[in-house]
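Next come the chains, spelled out residue by residue.
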Amino acid sequence: MLGTADAQDFAAQRSRMVSEVEAMYAQTRAETGLARMSPAVRAALGKVERHRLVPPGEASRAYRNHPLPIGSGQTISQPYIVALSTDLLNVRPSDVILEVGTGSGYQAAVLAEIAAKVFSIEIIASLGRQAARRLEELGYRNVEVRIGDGYQGWPEKAPFDAIVVTAAAPSVPPALLEQLRPGGRMVIPVGSEGGMQYLELITRRADGGFDERRVLPVRFVPLVPGK
Ligand code: SAH
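Quantities reported herein were computed from a predicted structural model and do not represent experimental measurements.

**A word on the overall build of the chain**
(1) Moving on: Looking only at helices and strands, the chain features 6 helices and 9 strands.
(2) Moving on: A compact globule built from 227 residues would reach a C-alpha radius of gyration of about 17 Å, and the chain, at 16 Å, matches this within 12%.
(3) Moving on: In terms of overall dimensions, the chain has C-alpha extents of about 55 × 40 × 35 Å along its principal axes.
(4) Moving on: Nonlocal contacts in the chain, meaning residues at least 24 apart in sequence, comprise 55% of its contacts between residues at least 6 apart.
(5) Moving on: Surface accessibility of the chain: about 10,400 Å² in total, with carbon and sulfur atoms responsible for 52%.

This is the structure:
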């Protein structure tokens, strides 16, 4: 059981983290086109208990603006990247969202604070099951986690208003493009493992075509290729 003092300490750490993320927005505005965090994303970052989604041994480091190990050789993304991805998706309260790469469940929780429903796919069963359990403990009823290969998306739940991919692919998986609603947005790191990767923002036009913009150089774990 966490005492009140611990809870207050984590809350203070969380609000420091939000300030650090805000400062990074200011530093990267020329590249991202976003000078500030949106109020919705700021509120979500200020609320989600990141320390309860990382492995217990990492809880004291949970609010650093850094990636963290989450087991099975995977990492939880830096809070700044989670915030930026969420802002780039321009999430609305009625949105149905697909996430590829559940990992710790942190990005899913941030999305679930803003959107109506989040479908998240994780290929490593132990990670996916743990994230699902922790998200449930935290009270997120609008997140559904599935163990499987996100390369193929989640056709039964498509189309999506927004798609976020949290592992880097050499190119954008065609199934994910197909499952994006016209007017919808996708954020995905594109590039090779260990090589250059860029966070890309893809928008599906009303005519069904796609617009693509490179936002920022990034470093993500690789998306395991689909079979
Ligand atoms: N969004 C996560 C970040 C996890 S790191 C968070 O907030 O913590 C990326 C995750 O993508 C890893 O857990 C990895 O196992 C998963 N992954 C890699 N390839 C995948 C694939 N083809 N389908 C689904 N998940 C995949």
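**A short note on the layout of surface pockets**
(1) Moving on: Of the voids in this model, the largest pocket is the one considered here, and its volume is about 340 Å³.
(2) Moving on: For the largest pocket, the lining is made up of 29 residues, of which Gly101, Thr102, Glu122, Thr166 and Ala167 are closest to its centre.
(3) Moving on: Broken down by secondary-structure element, the contributors of at least two residues to the lining of the largest pocket are β2 (74-76), β3 (96-100), α4 (106-114) and β4 (117-122).
(4) Moving on: Broken down by element, the lining of the largest pocket gets its largest block of residues, 3 residues, from β2.
(5) Moving on: Residues belonging to the lining of the largest pocket are distributed by class as follows: 15 nonpolar, 11 polar and 3 charged.

**Things to note about the pairing of strand β1 (residues 68-71)**
(1) Moving on: Pairing of β1 with β2 involves 3 bridges; the strand directions are antiparallel. If you follow Leu68 over to β2, its bridge partner there is Ile76.
(2) Moving on: The turn joining β1 and β2, which pair antiparallel and follow one another in sequence, is formed by 2 residues; a positive phi near 55° is taken by Ser72.

**Regarding helix α5 (residues 125-137)**
(1) Moving on: Here α5 is 13 residues long and its end C-alpha atoms lie 18 Å apart, about the 18 Å a rise of 1.5 Å per residue gives.
(2) Moving on: Taken as a whole, α5 has its buried residues at Leu127, Gly128, Ala131, Arg134 and Leu135. Looking down the long axis of α5, one finds its buried residues gathered within 135° of arc, a one-sided arrangement. Those residues of α5 that are exposed and angled more than 90 degrees off the buried face are Arg129, Glu136 and Glu137.

**Observations regarding the site of the ligand**
(1) Moving on: Taken together, 26 residues surround the ligand, and among them Glu99, Ser104, Glu122, Gly150 and Val224 come closest.
(2) Moving on: At a separation of 3.1 Å, a nitrogen atom of the ligand approaches a polar side-chain atom of Thr166.
(3) Moving on: With the chains in place, 99% of the 580 Å² that the ligand exposes on its own is no longer accessible.
(4) Moving on: Mapped onto the shell around the ligand, the elements with two or more residues apiece are β2, β3, α4 and β4.

**Notes on the packing of aromatic side chains**
To describe a pair of aromatic rings, you give the distance between the ring centres and the angle between the ring planes.
(1) Moving on: With the rule as written, the count across this model stands at 4 aromatic pairs.
(2) Moving on: Geometrically, the ring pair formed by Phe119 and Trp154 is edge-to-face, given 5.1 Å between the ring centres and 65° between the ring planes. Highlighted residues: Phe119 in strand β4 and Trp154 in the loop between β5 (143-147) and β6 (160-165), separated in sequence by 35 residues. The two residues Phe119 and Trp154 agree in class, both being buried.
(3) Moving on: We note Arg214 situated over the ring of Tyr198; from NZ or CZ to the ring centre the distance is 4.0 Å.

Here is what the cut-offs are and how they apply
- Residues numbered from 1 in each chain as written.
- Predicted model: local features only at pLDDT ≥ 70, side-chain atom pairs only at ≥ 80, totals over all residues.
- Heavy atoms only, no water.
- Helix = DSSP H or I, 4+ residues; strand = E, 2+ residues; numbered from the N terminus.
- Rg over C-alpha atoms; globule rule 2.2 N^0.38 Å.
- Contact = heavy atoms within 4.5 Å.
- Areas by Shrake-Rupley, 256 points an atom, 1.4 Å probe, with all protein chains shown as cover.
- 1 Å grid on protein atoms, 1.4 Å probe; cavity = no way out; pocket = protein on both sides within 12 Å on 5 of 7 lines; lining within 4 Å.
- Points joined across faces, edges and corners; volume = space filled by probe spheres on them.
- Nonpolar A, V, L, I, M, F, W, Y, C, P; charged D, E, K, R; others polar.
- Pairing = 2+ DSSP bridges.
- Expected span 1.5 Å × (residues − 1).
- Buried < 20%, exposed > 50% of the residue type's maximum accessible area, 1.4 Å probe, protein only.
- Arc of directions from axis to C-beta.
- Near = heavy atom within 4 Å.
- Polar contact = N/O pair within 3.5 Å; in protein donor to acceptor, adjacent residues only side chain to side chain.
- Phe/Tyr/Trp six-rings, centres within 6.5 Å; stacked < 30°, edge-to-face > 60°.
- Lys NZ or Arg CZ within 6 Å of the ring centre and 35° of its normal.

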